[in-house]
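# Structural overview
These are the residues of each chain, in order.
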Amino acid sequence: MSALALNPLDAQAMITAFGTVGVAVILFAETGLLIGFFLPGDSLLFTAGLLCTTTATGTTPLSLPWVLLAAVAGALIGAPTGFVIGRRGGRLLLDRTGNRQLHRGMARAEELLTRYGHGKAIVLARFVPVVRTVLNPMAGALGVPARAFALWQILGGLLWTVGLIIAGFLLGSTIPGVDRYLLPVVCLIVVVSAVPVALELRRARRA
């Protein structure tokens, strides 16, 4: 009953309840299934890295290698799952959803694919909430070559998962008691991780 009462937007509570396996499952759902668009991927990764440090937890921490493995597995299996769903279901499947946030994410994903090409769009999408959920089925529906998608989704997935987990781990290792300010720290990290994407979009619009 306590698991059912969890707030799915609370990354720390989700990790505490489900542990390392939960990291893999949540990232798979967010990157592979349209129903997972609301899940907190960025904050989950950073918080998982933070909880791998004894400094932050005060107890036995999560295992960093296992957290990294779980995150990478969830992200890299989820993306091709979404791609296959889009390839088989087509654009009609995406258009049937009535969620406005998903529709905005679809428009943004299509814009990224059109403006930047397959490679850069797939990598950039990993750092944009909702867009990283819908771009994978969108890529499948729009006929992005499977080999190109696989290559770039692996690169983007590794940069996203490993980068945010290591950032959380390093911060938790160097600043005692940082977990007391977890929410503002996570918000800051999410904003910082989105800066390169925002700068790239701004540069492209000027061009």
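Refer to the structure printed above.
Residues numbered from 1 in each chain as written. Predicted model: local features only at pLDDT ≥ 70, side-chain atom pairs only at ≥ 80, totals over all residues. Heavy atoms only, no water.

### Quick look at the pattern of salt bridges
- This structure, assessed with the given rule, holds three salt bridges.
- Between R132 and E30 there is a salt bridge whose closest N-O contact spans 2.9 Å. Residue R132 is located in helix α6 (residues 131-141), and its partner E30 is located in helix α1 (residues 11-32); the two are separated by 102 residues in the primary sequence.
- Given the relative accessible area of 3%, R132 is considered buried.
- D42 is paired through a salt bridge with R132; the nearest N and O atoms lie 3.2 Å apart. Here the residue D42 occupies a position in helix α2 (residues 41-50), and R132 occupies one in helix α6, the gap between them amounting to 90 residues. Neither D42 nor R132 differs from the other in exposure class; each is buried.
- Through salt bridges with shared partners, one network takes in E30, D42 and R132. (Salt bridge = Lys/Arg side-chain N within 4 Å of Asp/Glu carboxyl O. Helix = DSSP H or I, 4+ residues; strand = E, 2+ residues; numbered from the N terminus. Buried < 20%, exposed > 50% of the residue type's maximum accessible area, 1.4 Å probe, protein only.)

### Topic: helix α7 (residues 146-174)
- For α7, spanning 29 residues, the distance from its first C-alpha to its last is 42 Å, which sits close to the expected 42 Å at 1.5 Å a residue.
- Considered for burial, the residues of α7 that qualify are F149, Q153, G156, G157, W160, T161, L164, I165, G168 and G172. (Expected span 1.5 Å × (residues − 1).)

### Re α2
- Among the 10 residues in α2, 10 count as buried, and that is most of the element.
- Here α2 has its buried residues at G41, D42, S43, L44, L45, F46, T47, A48, G49 and L50.

### Points about empty space enclosed by the protein
- All told, the structure shown has one cavity of 30 Å³ or more when counted by the stated rule.
- For the largest cavity, the calculated volume is near 30 Å³.
- Going through the elements one at a time, α5 (100-125) and α6 are the ones with two or more residues in the lining of the largest cavity.
- Here the lining of the largest cavity gets three residues from one element, more than from any other, and that element is α6. (1 Å grid on protein atoms, 1.4 Å probe; cavity = no way out; pocket = protein on both sides within 12 Å on 5 of 7 lines; lining within 4 Å. Points joined across faces, edges and corners; volume = space filled by probe spheres on them.)

### Examining the packing of α5 against α7
- Two elements in contact, α5 and α7, have axes separated by 8 Å at closest approach and are oriented at 30°. By the angle class used here, α5 and α7 are roughly parallel. Here α5 and α7 pass one another in a crossing that is right-handed. Taking contact as the criterion, the partners of G119, I122 and V123 in α5 are, on α7, F149, W152, Q153, L155, G156 and L159.
- Here the residues of the contact of α5 with α7 sort into six nonpolar, three polar and no charged. (Axes fitted to C-alpha atoms, helices over the stretch in contact; angles between N-to-C directions. Parallel < 35°, antiparallel > 145°, perpendicular 65-115°, else oblique. Left-handed = near helix turned anticlockwise from the far one by under 90°. Contact = heavy atoms within 4.5 Å. Nonpolar A, V, L, I, M, F, W, Y, C, P; charged D, E, K, R; others polar.)

Note that every value here comes from positions in space, so none of it alone points to a role or purpose.
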